[in-house]
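Each chain, written out:
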Amino acid sequence: MEMKAYQIGSIPAILYGAPSEKGYLFIHGQDGSKEEAAAFAQIAVPIGYQVLGIDLPQHGQRVAMTSGFDPWTVVPELQEVLAERKAYWKKISLRANSIGAYFSMLALGGASLEKALFVSPIVHMEQLILDMMGWAGVTKEELQTKGEIPTNFGQTLSWPYLCWVRQHPLDGWKTPTSILYAGHDNLTSRQTVTAFVAAHKAELTVYEEGEHWFHTPDQCAYLSTWEQKNI
């Protein structure tokens, strides 16, 4: 499979597939990288698409960055990536994981995309942050006073982040969307994803045996089948 590594501004990127007028942006989730796009490219490239994977801040080739994995940094970057691809693709679609889906909806809500395929998307970031505060036993007053509070489950709670999320609701997403949701997703409740699906007229597939991170052989096989069906 043809592959090209290059930079979009300061953003490391890999483009899979021969030149085409249609393509998918692949946006990874936390702890992912641009190379994750390769598995999806194995499905998309043979049917005429190109697939572009990028490294978000603090991930992949940018892992040494000390900050930037936040919406106010990522949103303009994704808009820069979209602008670059518009020069090559007449039809642009999106494939995104977890928080990558959240970032994408913020950044590309006004774009004319063909379709979006989301796997374990974060569709209500404010609720997730409030849930994490509950898990960590942190009150609103404590977070507001301290600004940032590390947790024992690896996430740092941030008052500025919560305020930003509240000021930037996901109210402009109109792209036709298909979602793969795991029955054992520990970050987004079924009620939350169902409400999003109803509000946005999205298509929902639930894999009851799945987890938020699709990583076992069975989970990956189901994911691949879902991608083939919905692409």
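Residues numbered from 1 in each chain as written. Predicted model: local features only at pLDDT ≥ 70, side-chain atom pairs only at ≥ 80, totals over all residues. Heavy atoms only, no water.

The full count for this structure, using the stated rule, is eight salt bridges. The shortest N-O distance in the salt bridge between R95 and E227 comes to 2.8 Å. Highlighted residues: R95 in strand 5 (residues 91-97) and E227 in helix 8 (residues 217-230), separated in sequence by 132 residues. Assigned by exposure class, R95 and E227 land together as buried. Across the pair E126 and R166 runs a salt bridge whose closest N-O atoms are separated by 2.9 Å. With E126 in helix 4 (residues 125-136) and R166 in helix 6 (residues 159-167), this residue pair connects regions lying 40 residues apart in the sequence. (Salt bridge = Lys/Arg side-chain N within 4 Å of Asp/Glu carboxyl O. Helix = DSSP H or I, 4+ residues; strand = E, 2+ residues; numbered from the N terminus. Buried < 20%, exposed > 50% of the residue type's maximum accessible area, 1.4 Å probe, protein only.)

Secondary-structure assignment places F26 in strand 3 (residues 22-27). The exposure class assigned to F26 is buried, which follows from its relative accessible area of 2%. The residues contacting F26, other than those within four sequence positions of it, are E36, A37, F40, V51, L52, G53, I54, R95 and N97. (Contact = heavy atoms within 4.5 Å.)

Here the focus is the packing of aromatic side chains. All told, the structure shown has eleven aromatic pairs when counted by the stated rule. Between F69 and F103 the ring centres are 5.4 Å apart and the planes differ by 90°, which places this aromatic pair in the edge-to-face class. Pair noted here: F69 is in the loop between strand 4 (50-54) and helix 2 (71-86) and F103 is in helix 3 (residues 98-108), with a separation of 34 residues, a long-range link. Neither F69 nor F103 differs from the other in exposure class; each is buried. One aromatic cluster is present, formed by Y24, F26, F40 and Y49 through successive ring pairs. (Phe/Tyr/Trp six-rings, centres within 6.5 Å; stacked < 30°, edge-to-face > 60°.)

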